[in-house]
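Fold and geometry: a report
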Amino acid sequence: MEKIIQISHLSKSFGEVKAVQDLSFCVKKGELFAFLGLNGAGKSTTISIMCGQLQKDGGRVEINGKNIDENALEIKRELGVVFQNSVMDKALSVYDNLKTRAALYNLTGKAFEERLQTLAELFDLKEILKRPLGKLSGGQCRRVDVVRALLHKPSILILDEPTTGLDPQTRKTVWGIIDNLRKEENLTVFLTTHYMEEAADADYVIILDSGKIAAQGTPLELKNEYSGDFITLYNIAEEKVQALQKSYEKIKDGYRIAVANTAEATALVVQNPDLFTDYEITKGKMDDVFLAATGKKLTGGEV
């Protein structure tokens with residue numbers, strides 16, 4: 001698959017703070033790529049360099065085959081960016097905000113109206129186009145932000161914590177639309193998030209810690225390497241779980257035992273068939289991966 005983003009030995013410091021240290025990775029065209037890390041890990045610094053908003057100290061950044069040192073303006077046209085905080089004017093209507101932003105990409109007249117109508121229908125914005133942005137709900141504002149980023153048909157959509165503060169249903173709606181656009185327009189999505197279920201759906205994940213890559217791979221590869229499997233037992237007395245002589249934790253309605261892999265889980269079940277009458281075997285979660293890779297918890301309070 002074609003590489004649409006290639007970062008090689010990227011570095012950036014702010015005084016004595018090394019925000020990004022010798023960072024190298026690539027993103028393939030059409031994939032959902034997740035960039036994880038706590039505040040200060042280097043996520044926003046990397047994105048700012050990719051968008052031409054910040055000068056790097058060293059390394060190479062290529063987007064769609066173009067070197068950012070020589071083609072910054074062209075690269076900006078390849079990108080659609082949804083920032084953590086809205087960059088639009090709350091006093092203007094949704095329509096006027098989008099029309100103004102589109103004009104920056106020379107998207108005007110009939111071409112603008114056709115693109116707007118397509119996206120407004122996808123994101124269910126038709127009823128609110130004339131309303132002031134400041135009067136909208138958080139979920140509506142977020143959908144407008146995504147539409148603003150997609151107006152000029154970018155080849156890469158950068159989503160910096162795109163669903164922070166949204167209710168689960170709105171998050172699900174936004175992701176459903178983005179997934180469809182990935183398929184229909186071969187859109188590449190570069191995501192930073194602290195919602196682990198979003199990272200779990202990515203094609204590839206990089207975990208950053210203090211400006212360096214702490215772990216990388218597909219979600220399945222990372223789970224296999226860093227978290228192992230879990231057997232959850234239900235409707236069983238605790239003394240029977242203790243008899244297995246495995247470390248466990250008590251959870252709602254049952255007990256969870258950590259095992260190294262699926263093979264160990266299977267062996268435990270086969271050796272103790274009388275105990276395993278109501279159970280499930282699951283992979284570890286991305287939260288477990290992040291903790292194992294960095295020694296830190298990535299919680300909803302950390303962006």
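Preceding block: the structure.
None of these values were measured; they are calculated from a predicted model. (Residues numbered from 1 in each chain as written. Predicted model: local features only at pLDDT ≥ 70, side-chain atom pairs only at ≥ 80, totals over all residues. Heavy atoms only, no water.)

**Brief notes about the nonpolar core**
With 49 residues, the main nonpolar core has Leu98, Phe123 and Leu157 as its most contacted residues. Within the second largest apolar cluster, 26 residues are counted, among which are Phe35, Ile47, Ile75 and Leu79. (Core = buried A, V, L, I, M, F, W, Y, C linked by side-chain atoms within 4.5 Å. Buried < 20%, exposed > 50% of the residue type's maximum accessible area, 1.4 Å probe, protein only.)

**Section: the sheet that holds strand 9 (residues 204-209)**
Paired through backbone hydrogen bonds, the strands of a sheet run either parallel or antiparallel to each other. Strand order in the open sheet made by the 6 strands is 6-7-8-3-9-10, with mixed pairing throughout. The open sheet has two edge strands, strand 6 (79-82) and strand 10 (212-217), and neither has a second partner. Between one strand axis and the next, the sheet turns through 15° on average, direction left out of account. Relative to strand 10, strand 9 is paired through 5 bridges, and the arrangement is antiparallel. Across the sheet, the residue bridging to Leu208 is Ile213, located in strand 10. Across the sheet, helix 8 (residues 219-226) is in contact with strand 9 and strand 10; its angle to strand 10 comes to roughly 110°. Its contacts with the sheet place helix 11 (residues 286-294) against strand 3 (32-36), strand 9 and strand 10, and it is angled at close to 40° to strand 9. (Pairing = 2+ DSSP bridges. Helix = DSSP H or I, 4+ residues; strand = E, 2+ residues; numbered from the N terminus. Axes fitted to C-alpha atoms, helices over the stretch in contact; angles between N-to-C directions. Contact = heavy atoms within 4.5 Å.)

**Some details on the pairing of strand 7 (residues 156-160)**
Counted residue by residue, strand 7 has 5 buried out of 5 residues, so it is predominantly covered. Going residue by residue along strand 7, you find Ile156, Ile158 and Asp160 tucked away on one face and Leu157 and Leu159 tucked away on the opposite face as well. Where strand 6 meets strand 7, 4 bridges bridge the pair, whose relative direction is parallel. Looking at strand 7, one finds that Leu79 is bridged to Ile156. With 5 bridges joining them, strand 7 and strand 8 (residues 188-192) adopt parallel strand pairing. Its bridge partner lying in strand 8, Ile158 is registered against Phe190.

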